[in-house]
Amino acid sequence: MAISAEIKEVIRLATNLSELENKLQSLKDKKADYQAHIADLNIQIDMALPIVQSARQELKAAAALIK
């Protein structure tokens with residue numbers, strides 16, 4: 001029994017849909033990974049900021065002594 005053209009088309013479309021859903025899930029996973037990495041970087045920035053600000057003040061104080 002031959003498979004009709006309509007059934008072949010449904011199978012083709014279902015296959016394409018499955019591939020697209022897999023690609024979408026992969027992109028969602030990458031997005032989650034990137035967002036987690038960004039959150040980690042934001043934590044590192046938040047931790048470094050007071051150190052940088054303190055160093056900046058100390059440099060200003062040292063520069064004032066040199067003048």
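Attention in this report is confined to the structure presented alongside it.

The rules behind each value
Residues numbered from 1 in each chain as written. Predicted model: local features only at pLDDT ≥ 70, side-chain atom pairs only at ≥ 80, totals over all residues. Heavy atoms only, no water. Helix = DSSP H or I, 4+ residues; strand = E, 2+ residues; numbered from the N terminus. Buried < 20%, exposed > 50% of the residue type's maximum accessible area, 1.4 Å probe, protein only. Salt bridge = Lys/Arg side-chain N within 4 Å of Asp/Glu carboxyl O. Patch = residues over 30% accessible without salt bridge, like charges linked within 9 Å, V, L, I, M, F, W, Y side chains within 5 Å. Areas by Shrake-Rupley, 256 points an atom, 1.4 Å probe, with all protein chains shown as cover.

Right, let's talk about the environment of Q35 for a bit. Take Q35: it is sitting in helix α1 (residues 5-66). On a C-alpha basis, the gap between Q35 and I11 in space is 36 Å, while along the polypeptide they are 24 residues apart.

Here we take up the environment of N42. With respect to the secondary-structure elements, N42 resides in helix α1. For N42, a relative accessible area of 40% translates into the label partly exposed.

Taken as a whole, this structure holds one salt bridge when the rule is applied. Here E9 and R12 are joined by a salt bridge, their closest N and O atoms 2.6 Å apart. Here E9 and its partner R12 are both found in helix α1, three residues apart, which amounts to about one turn of the helix. We classify E9 as partly exposed; its relative accessible area is 32%. Note on R12: relative accessible area 40%, which makes it partly exposed.

Together, I3, I7 and I11 make up a nonpolar patch on the protein surface, roughly 280 Å² of accessible area in all. You can see I3 is positioned in the segment before α1.

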